[in-house]
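Remarks on the overall topology
What follows is the residue order along each chain.
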Amino acid sequence: MSIRLRFAFCYGTLFALILPLMTVLSYAIHARGQYDDIDRMLIVRTEHAASEVTSTSRPHLLQREKGFEIALHLYSSTGVLQDQTLGTAPLPSVDPRAILHTPTRPAFDPIVGLFPPLMGSPPVIPDATSAFSLINTSEQRWRVYVLPFHTAQGAGYLEAVTPLGRLDASIQAFRMILPLLGLTSLFLALLGSWAIAGNALRPITRMIQTAQTITLSRDLSRRIEMPAHHDELGRLAATFNELLASVEAAHRTQQRLVADASHELRAPLTAILGNIELLHHQQNMPAGDREEALAELEREATRLSRLVADLLMLARADAGIGLKRRPIDVDLLVLDAFHEARHLAQGQTLRLGPFEPAHIEGDEDRLKQLLLILLDNALKYTPAGGEVVLGLRPQEERVDILVRDTGVGIAPEALPHVFERFYRADPARSRDPGGTGLGLPIAQWIVEQHQGTIRLESQPGQGTLVTVRLPLG
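Computed from a prediction, not measured in an experiment: that's the story for all the values here. (Residues numbered from 1 in each chain as written. Predicted model: local features only at pLDDT ≥ 70, side-chain atom pairs only at ≥ 80, totals over all residues. Heavy atoms only, no water.)

1. Things to note about unusual backbone geometry
For the record, the criterion: Helix and strand definitions follow DSSP, with helices as H or I runs of at least four residues and strands as E runs of at least two, each counted in order from the N terminus.
Here Q451, not a glycine, exhibits a phi torsion of approximately 55°, which is positive. Mapped onto the elements of the fold, Q451 is located in the loop between helix 10 (439–449) and strand 11 (453–459).

2. Some remarks on the packing of aromatic side chains
Applied cut-off: Working definition: a ring pair exists when centres of Phe, Tyr or Trp rings (six-membered ring for Trp) sit within 6.5 Å. Plane angles under 30 degrees give stacked, over 60 give edge-to-face, the rest tilted. The buried label goes to any residue with under 20% of its type's maximum accessible area, the exposed label to any with over 50%, and the partly exposed label to all in between, with areas taken from a 1.4 Å probe on protein chains only.
In the structure shown here, the tally under the stated rule is two aromatic pairs. Plain terms: the ring middles of F132 and Y145 are 4.7 Å apart, the flat faces sit at 40° to each other, and that makes the pair tilted. Of this pair, F132 sits in strand 3 (residues 131–136) while Y145 sits in strand 4 (residues 141–150), and the two are 13 residues apart along the sequence. Side by side, F132 and Y145 carry an identical accessibility label, which is buried.

3. Some details on the sheet that holds strand 7 (residues 349–355)
Let me state the cut-off plainly: Two strands are said to pair when DSSP picks up at least two bridges between them. Angles here are taken between N-to-C directions and fall from 0 to 180 degrees, while the axes themselves are lines fitted to C-alpha atoms, restricted in helices to the stretch in contact. Residues count as neighbours in contact if any of their non-hydrogen atoms are within 4.5 Å of one another.
The five strands are arranged 7-9-10-12-11 in an open sheet whose pairing can be described as mixed. The strands lining the two open edges of the sheet, one partner per strand, are strand 7 and strand 11. Adjacent strand axes in the sheet meet at a mean angle of 15° when their direction is disregarded. Judged from the eight bridges that link them, strand 10 (residues 398–405) and strand 12 (residues 463–471) form a sheet pairing that is antiparallel. The partner of V403 across the bridge, within strand 12, is V466. Contacts between helix 7 (residues 330–341) and the sheet are confined to strand 7, strand 9 (387–394) and strand 10, with strand 7 contributing the most and set at about 170° to the helix. Contacts from helix 10 reach strand 11 and strand 12, with the element oriented near 140° to strand 11.

4. Here we look at a nonpolar patch on the surface
Rule in force here: Only residues whose relative accessible area exceeds 30% and that form no salt bridge enter a patch; like-charged residues are grouped when within 9 Å of one another, and nonpolar side chains (Val, Leu, Ile, Met, Phe, Trp, Tyr) when within 5 Å. Per-residue and other accessible areas were derived by the Shrake-Rupley procedure at a 1.4 Å probe size, with only the shown protein chains allowed to occlude residues. Any carboxyl oxygen of Asp or Glu that lies within 4 Å of a side-chain nitrogen of Lys or Arg is treated as forming a salt bridge with it.
On the surface, L14, L17, I18 and M22 cluster together to form a nonpolar patch covering roughly 400 Å² of accessible area. Mapping L17 onto the fold places it in helix 1 (residues 3–55).

5. Section: the pattern of salt bridges
Considering all chains together, one arrives at 14 salt bridges under this definition. Here R141 and D168 are joined by a salt bridge, their closest N and O atoms 2.9 Å apart. Of this pair, R141 sits in strand 4 while D168 sits in helix 3 (residues 165–200), placing them 27 residues apart in sequence. With relative accessibility at 17%, the residue R141 sits in the buried group.

Take a look at the structure:
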């Protein structure tokens with residue numbers, strides 16, 4: 001079942017549950033309001049007539065009025081009819097004393113009585129001396145209201161009678177129309193919810209079509225058309241476009257990585273295969289040439305092994321594999337890397353700068369690899385007679401590792417790219433033909449795994465300063 005169909009079904013079901021309640025409530029409020037209005041008119045008309053009867057002694061007072069909707073009957077204290085409005089002789093007449101002793105239920109249906117009266121209208125409740133009643137004839141129902149009164153000449157009763165046939169027929173028609181209106185409303189609600197759901201899901205449909213197009217064409221440069229409204233679907237489209245941009249950037253990086261790795265692997269492999277072929281075909285090669293070929297084989301194999309190890313290290317970084325951290329003495333680790341790097345120097349001076357003991361939590365092997373990468377880079381790009389300084393400076397909540405050289409430096413336009421894989425500025429490439437351009441990316445990953453930062457400051461011809469900041473743990 002599609003989302004659009006589920007939306008329409010859910011909206012229709014909800015409307016179908018609410019509609020009967022609203023239908024019954026509408027019927028009850030309307031019907032009760034109509035019948036309560038009849039009772040209020042009976043009370044007002046009867047009280048008005050009672051005030052006239054008790055304030056005058058003229059007989060046949062009610063005969064001055066013609067009652068069509070409401071008829072008034074005047075009874076003596078013994079229940080004898082004494083007067084009535086003109087033209088109401090055919091109306092039913094009952095003993096008012098019987099009504100006062102046995103008042104009947106309201107004129108509306110029992111189900112209507114379960115609901116409150118019309119909003120803003122108080123319920124019709126007769127006082128303790130008066131009462132309502134219902135009279136059923138073959139033609140229709142009649143509503144009767146009896147009000148006792150007392151005068152100087154004696155007591156009596158006033159009775160107001162009104163027909164309910166027309167109102168009952170109107171309420172009956174209203175009761176029959178409501179279900180038909182409810183079913184029509186339900187059908188229209190289903191159609192409306194289907195249309196609304198389709199309009200609301202149209203951006204999602206476009207997203208699906210765009211995703212399918214990208215899948216078939218493999219064109220990651222395509223983007224989803226942004227909706228006109230910046231609602232949840234708009235944010236979803238923006239997020240999807242950001243995801244596509246990220247995937248496109250990652251794809252381009254992967255393509256560049258594969259191309260660069262292929263290029264870097266091709267050189268040592270070509271040299272190895274060339275020397276193997278030379279040794280294979282030149283059986284009587286002089287000993288010196290043979291030794292030179294074997295030495296080049298060893299150098300290229302070592303270079304190839306180092307390149308593969310660096311690639312495996314970056315693959316581990318991309319896979320999100322963390323490091324094992326434990327408390328270590330950074331000062332001892334720095335001294336160890338310093339002594340090992342002294343063997344790499346070729347005419348450069350390597351010395352310790354500001355140096356203080358410090359302790360952090362980290363991976364000892366990876367941190368040593370980080371130091372050797374930085375020292376190796378500094379020595380490679382510093383000419384003979386230059387200087388490389390290694391320093392360790394603890395701060396309040398961190399420790400700074402400093403590597404400063406007086407080498408060739410890095411051009412400003414190259415600084416933003418030095419941490420990219422296989423990136424090497426032209427001066428560096430000419431001085432280090434055996435480099436791979438993976439050292440600084442590996443160094444950056446090691447620093448990030450220790451929740452630290454690494455920063456390069458350099459000027460061409462003035463050397464480079466590398467600052468590694470690691471938290472104290």
